[in-house]
Amino acid sequence: AAEFGPRHFATTVGLITSHHLGKSNVMACEWTMSVGWKPLRVMAVVHHDQLTHEYVSASGQFGVSLCSDALAAQSNLAGSVSGRERDKLADPLFCDLLLPARHIRAPLIAGAVLHAECEVVQTVELEGYTCFLGRALYAQADPEASPLFYHRRKYFHLGPQVAKR
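A brief structural summary.

Parameters at a glance
Residues numbered from 1 in each chain as written. Predicted model: local features only at pLDDT ≥ 70, side-chain atom pairs only at ≥ 80, totals over all residues. Heavy atoms only, no water. Salt bridge = Lys/Arg side-chain N within 4 Å of Asp/Glu carboxyl O. Buried < 20%, exposed > 50% of the residue type's maximum accessible area, 1.4 Å probe, protein only. Helix = DSSP H or I, 4+ residues; strand = E, 2+ residues; numbered from the N terminus. Contact = heavy atoms within 4.5 Å. Pairing = 2+ DSSP bridges. Core = buried A, V, L, I, M, F, W, Y, C linked by side-chain atoms within 4.5 Å. Patch = residues over 30% accessible without salt bridge, like charges linked within 9 Å, V, L, I, M, F, W, Y side chains within 5 Å. Areas by Shrake-Rupley, 256 points an atom, 1.4 Å probe, with all protein chains shown as cover. 1 Å grid on protein atoms, 1.4 Å probe; cavity = no way out; pocket = protein on both sides within 12 Å on 5 of 7 lines; lining within 4 Å. Points joined across faces, edges and corners; volume = space filled by probe spheres on them. Nonpolar A, V, L, I, M, F, W, Y, C, P; charged D, E, K, R; others polar.

Brief notes about the pattern of salt bridges
Here is step 1 of the chain: Enumeration according to the criterion identifies three salt bridges in this entry.
Here is step 2 of the chain: Residue Arg-86 pairs with Asp-91 through a salt bridge whose shortest N-O separation is 2.3 Å.
Here is step 3 of the chain: On the basis of relative accessibility, which here comes to 13%, the residue Asp-91 falls in the buried class.
Here is step 4 of the chain: Residues Glu-119 and Arg-135 are paired through a salt bridge, measuring 2.2 Å at the closest nitrogen-oxygen approach. Residue Glu-119 is found in strand β9 (residues 114-125), and its partner Arg-135 is found in strand β10 (residues 129-141); the two are separated by 16 residues along the sequence.

Next comes the structure, spelled out in structure tokens:
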């Protein structure tokens with residue numbers, strides 16, 4: 001049997017946007033999930049070393065753009081380059097996709113399955129990570145968009161429906 005590890009999970013990918021002191025950032029976060037519906041609450045788990053962690057901690061807010069399968073290149077860039085080294089949102093892959101948010105300072109990313117503008121209502125500290133629990137001040141979904149899935153460092157489309165029985 002193969003050794004078990006985190007790459008055995010299949011996840012969706014959230015593009016987490018943040019803003020602090022006039023600068024915005026984006027990171028790919030496969031540990032982004034809904035944890036409540038009325039109101040919508042979203043949790044993003046972010047490593048302490050990430051620029052996103054610094055910005056969300058300071059501002060108390062973050063944006064979530066849940067990736068559609070059209071955003072694989074943007075997810076790859078956002079997850080492989082640090083915002084401390086490069087302004088990812090100024091990259092041509094993102095330039096035409098930035099959407100102004102209604103209630104937070106961070107932009108959102110066009111073409112997503114779901115957008116949520118969140119204010120942090122609780123944090124939970126883990127070893128090296130913070131779970132930011134955000135209450136959505138505004139959320140919008142695109143029923144036509146197909147989610148992007150991440151598994152074993154590769155991206156996948158949503159496949160055909162599987163019968164429950």
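Continuing now.
A word on helix α1 (residues 51-59)
Here is step 1 of the chain: Among all positions of α1, only Leu-51, Thr-52, His-53, Tyr-55 and Val-56 are buried.
Here is step 2 of the chain: Buried residues belonging to α1 abut β2 (14-20), β3 (23-29), β5 (40-47), β6 (61-66), β9 and β10.
Here is step 3 of the chain: Gly-60 occupies a position one or two residues after α1 and carries a positive phi of about 75°.

Digging into the pairing of β5
Here is step 1 of the chain: Most of β5 sits inside the fold, with six of its eight residues counted as buried.
Here is step 2 of the chain: Summarising the sheet, strand β4 (residues 32-37) and β5 pair through five bridges and their orientation is antiparallel. For Trp-37, the partnering residue across the bridge sits in β5 and is Leu-40.
Here is step 3 of the chain: In terms of strand pairing, β5 meets β10 through seven bridges, oriented antiparallel. In the sheet register, Val-45 faces β10, and the bridge partner there is Cys-131.

Observations regarding the nonpolar core
The nonpolar side chains of soluble globular proteins are, as a tendency, buried together.
Here is step 1 of the chain: With 16 residues, the main nonpolar core has Leu-15, Val-26, Cys-67, Leu-71, Ala-78, Phe-94 and Ile-109 as its most contacted residues.
Here is step 2 of the chain: The set of elements that each furnish at least two residues to this core consists of β3 and α2 (72-80).
Here is step 3 of the chain: Counting 14 residues, the second largest nonpolar core, distinct from the first, contains Ile-16, Phe-62, Ala-116 and Ala-136.

Section: a nonpolar patch on the surface
Here is step 1 of the chain: On the surface, Trp-31, Met-33 and Val-35 cluster together to form a nonpolar patch covering roughly 250 Å² of accessible area.
Here is step 2 of the chain: Mapped onto the elements, Met-33 comes out in strand β4.
Here is step 3 of the chain: Taking relative accessible area as the criterion, Met-33 reaches 34% and is therefore assigned partly exposed.

Regarding the layout of surface pockets
Here is step 1 of the chain: Here the largest pocket defines a volume of roughly 910 Å³.
Here is step 2 of the chain: If you go around the largest pocket, you meet 32 residues; those closest to its centre are Ala-28, Cys-29, Glu-30, Gly-79 and Tyr-150.
Here is step 3 of the chain: Those elements that provide at least two residues to the lining of the largest pocket are β3, β5, α1 and α2.
Here is step 4 of the chain: Sort the elements by how many residues they give to the lining of the largest pocket and α2 lands first, with five residues.
Here is step 5 of the chain: Residues belonging to the lining of the largest pocket are distributed by class as follows: 15 nonpolar, 11 polar and six charged.
Here is step 6 of the chain: Approximately 170 Å³ is the volume attributed to the second largest pocket.
Here is step 7 of the chain: Where the lining of the second largest pocket is concerned, the elements lending two or more residues are β4, β5 and β6.
Here is step 8 of the chain: Looking at the lining of the second largest pocket, the element that brings in the most residues is β4, giving four residues.

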